[in-house]
Structure formats: structure tokens, C-alpha cells
Amino acid sequence: MKNKKPMVVLVVIALLVSCFGGWMWYQSEQEKPLTLYGNVDIRTVNMSFRVGGRLATLQVDEGDSIKAGETLGELDKGPYQNALQQAEANVAATQAKFDLIIAGYRDEEIAQVAAQVNQAQAAYDYAQNFYQRQQGLWARRMIAANELENSRSSSDQAKATLKAARDKLSQYRNGNRPQEIAQAQASLQQAKAQLSQAQLDLQDTTLTAPSAGTLLTRAVEPGSMLNAGNTVLTLSLTRPVWVRAYVNEVSLYNVQPGTEVQIYTDGRPEKPYHGKIGFVSPTAEFTPKTVETPDLRTDLVYRLRIIVTDADDSLRQGMPVTVSFNNGAQHDPL
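Residue numbering note: each chain is counted from 1, following its sequence as written. The predicted nature of this model means local features are confined to residues of pLDDT at least 70 and side-chain atom pairs, given and counted, to a pLDDT of 80 or more, with totals for whole chains, interfaces and linings taken over all residues. Excluding hydrogens and water, the side-chain values take into account all heavy atoms of the structure.

Some thoughts on the sheet that holds strand 4 (residues 71-75)
Right, so step 1: Taken together, the 4 strands give an open sheet; going across it, the order is 5-4-2-7, and neighbouring strands pair in antiparallel fashion. Only two strands of the sheet have a single neighbouring strand rather than two, namely strand 5 (206-208) and strand 7 (225-226).
Right, so step 2: At least two bridges found by DSSP between two strands is the condition for calling them paired. Comment: elements are numbered from the N terminus, with helices defined as DSSP H or I runs of at least four residues and strands as E runs of at least two. Here strand 4 runs beside strand 5; their pairing, made up of 3 bridges, is antiparallel. Residue pairing in the sheet places threonine 71 in a bridge with threonine 208 of strand 5.

Next up, the structure:
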């Protein structure tokens, strides 16, 4: 019995040590930070001219650093300069026509038409008096019927000419109709719109960088004939820089928009970048084959977009990174 007592004590001690060790292991696992794996995702822009033509110059080449607003290339401007001059001349002619319609007729023109009315009035009076005399002669059977008919036709023609002259005088005095003014104004607006389009087309013969970045691809060379929208250059944007990562459903509650993270690369493992969760996909998807994780690739995961807040030129498109959450996550990493 005396020999069994130490054995019991040893067993109790071993059990206590095992329980304490298990508790310590559990605590360490509970406090282990969540770690994800992803890739740098830098946006690219396919740049093209909004108009077509012959490519005259390209001032940049692949690998060049580009500044926002920098001129990258130009089309042959000749056809667009000609179109602009034609549009300017069309606006000038349409404007002059509109001004004439608004101003109406000059006093000299009105006086000239008034003189035509007086002349037509005198011609009508003479024709009417002659017709009346012919009627008297016809009543006494002193002229033939044809002569009477001819005098009546002459009187009618003179009357019509007088009416036309009076209508023209009334038009000159009253000015142009509102419909004519509206039509002239619409024509002027149309000409100005064509001028604005010609100016925009000429401006679009110059290709400028929308943002700062690095030139990835130079797709064409000077002398090429391009259609509107043909890709000329591909630009990798300097900012923003994102990391695309994936998290499983178990760890999803630790990943919320705005959560701060540390981002490690193989080239600088001791000096992490910093970032924030900017987007968490609302739908699950299968893990992409490019993601290196300890778990099975067929697991369903949720895509994350992590905005790198202190990015530099060392972060390149597609670079693999490790994302660490120092927030006391309670689950194993992906």
C-alpha cells in the first residue's frame, strides 16, 4: 500500500500537467491571428483615341513612368483641322442669315417695294378704265368679242399684280414671320453644335494619360491607321493598389470592411505593408487555383478587396502576399 501512494500522486500530477498543457495549446490556438493569402491587384487602362485616323506620333514606350495628363501620342490632325474650319465658316454664314432675318428689311427696300405697288396700281387703273371703255363699245357692237375678252384679261392680270405687290409691301413692313425666325435660330444652333463637335474631334486627336502609372503595352506604331476605340497603349495605374484575397465562412465574421491588416511579401518579410478591408463579396465562390492555402482548393470562400494604404513601386501586378489580421481571430487560417 505504501508503494501505491506515490504512483497515484504521479498519475494525478501527470493529469494536471496534461490538462494545463492542453489548456495552453487551446489558448494559443484561440489567440492565433487570422492569416490569409492573396495577390496584388493593380488596375489597368486600355487607352485609345475616340476618333479614327493615321497615328502620327507616340512619345512613350513600354516600362515608362507616366504622369497624369501627360501627352502620349497624336493622330494626324489635318483632316480634323479642315473639318473645324468648315464648321467655323458654316457658323459664320448661318449667323449672318439669322441676323438678317432678325433685323428685317431696310427702309430702302421697303421704299422700293412701295414704288412697285404704285406702279402696279397705275397699271391696274389703266387696264380697268380700258376694259370699261371696251364694254361700252361692245354694247354698241363697235368691237369684236375677242377685243372685249382681251381687255378683261389685261385688267385681271393687272389686278393680280397689284395684289402681289401689296402683299410684298405688307411683308416687308411687318418683318419676317415667327416661324421663319425660329427656323433660322434652329439652323444656327445646329451649326454651333457641329462646330463644338469639330473642336472636340480635333482635341481627341491627342491621347493623354488619365492617371499616373507604368506603361505595360505599346500595341501599335506610328503610321498605323486606327479606328476609333482601337487599343493603342495599356497603362498600369500607380494608385490604387489592392490585394485580392479569400476567406472561408468560418473566419468570415473576423473580416469586416474597415478592418486594418498587415500585408507581407517574400521580398520584405520583416517590413509589412498596411491596408484596410474595403470590400467583402456577398456571394461565395470556389477558391481560385492561383491561391496558395493549406486548405483544399475546392472549399467555398468569399472574395476580399484589401486597399493598401502605403503602397510603393515594389508591389507588382499578381505578386503573392500574406495578409495578417492582428485582431485576436479565433479560427485557423485558410
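Re the packing of aromatic side chains
Right, so step 1: What counts as a ring pair is set by centres within 6.5 Å for rings of Phe, Tyr and Trp (its six-membered ring), and what kind of pair is set by the plane angle: stacked under 30 degrees, edge-to-face over 60, tilted for all other angles. Inspection of the entire model under this criterion finds 1 aromatic pair.
Right, so step 2: Geometrically, the ring pair formed by tyrosine 126 and phenylalanine 130 is stacked, given 6.5 Å between the ring centres and 15° between the ring planes. Of this pair, tyrosine 126 and phenylalanine 130 are both found in helix 3 (residues 107-139), 4 residues apart, which corresponds to roughly one turn of the helix.
Right, so step 3: Judged by its relative accessible area of 32%, phenylalanine 130 falls in the partly exposed class.
Right, so step 4: Lysine NZ or arginine CZ positioned within 6 Å of the ring centre and within 35 degrees of the ring normal marks a charge as sitting over the ring. Over the face of the ring belonging to tryptophan 138 we find arginine 141, whose NZ or CZ atom lies 4.6 Å from the ring centre.
Right, so step 5: One cation-aromatic arrangement involves arginine 305 over phenylalanine 279; the distance from NZ or CZ to the ring centre is 5.5 Å. Any residue under 20% of the maximum accessible area for its type is buried, any over 50% is exposed, and the rest in between are partly exposed; the area is computed with a 1.4 Å probe on protein chains only.

Focus: the packing of helix 3 against helix 4 (residues 145-174)
Right, so step 1: For every element, the axis is a line fit to its C-alpha atoms; helices are fit only across the contacting stretch, and the angle between N-to-C directions ranges from 0 to 180 degrees. At a minimum axis separation of 8 Å, helix 3 and helix 4 run at an interaxial angle of 160°. Considered as vectors, helix 3 and helix 4 are oriented roughly antiparallel to each other. Considering only the axes of helix 3 and helix 4, their crossing is left-handed.
Right, so step 2: Across the contact of helix 3 with helix 4, the residue classes tally to 18 nonpolar, 9 polar and 7 charged. Should an angle fall under 35 degrees it is taken as roughly parallel, and over 145 as roughly antiparallel, whereas 65 to 115 is taken as roughly perpendicular and any remaining angle as oblique. Each crossing is labelled by how the near helix is turned from the far one, with a counterclockwise turn of less than a right angle marking it left-handed and a clockwise turn marking it right-handed. Gly is placed with the polar residues, together with every amino acid not listed as nonpolar (Ala, Val, Leu, Ile, Met, Phe, Trp, Tyr, Cys and Pro) or charged (Asp, Glu, Lys and Arg).

A few points about the packing of helix 2 (residues 78-103) against helix 5 (residues 178-203)
For any two helices packed against each other, one specifies the inter-axial angle together with the distance between the axes.
Right, so step 1: It is at 8 Å that the axes of helix 2 and helix 5 come closest, and there the two elements cross at 160°. With respect to helix 5, the element helix 2 is oriented roughly antiparallel. Helix 2 and helix 5 meet at a crossing whose hand is left-handed.
Right, so step 2: When its residues are assigned to classes, the contact of helix 2 with helix 5 shows 15 nonpolar, 8 polar and 4 charged.

Geometric descriptors of this kind do not, in isolation, establish any biological role.
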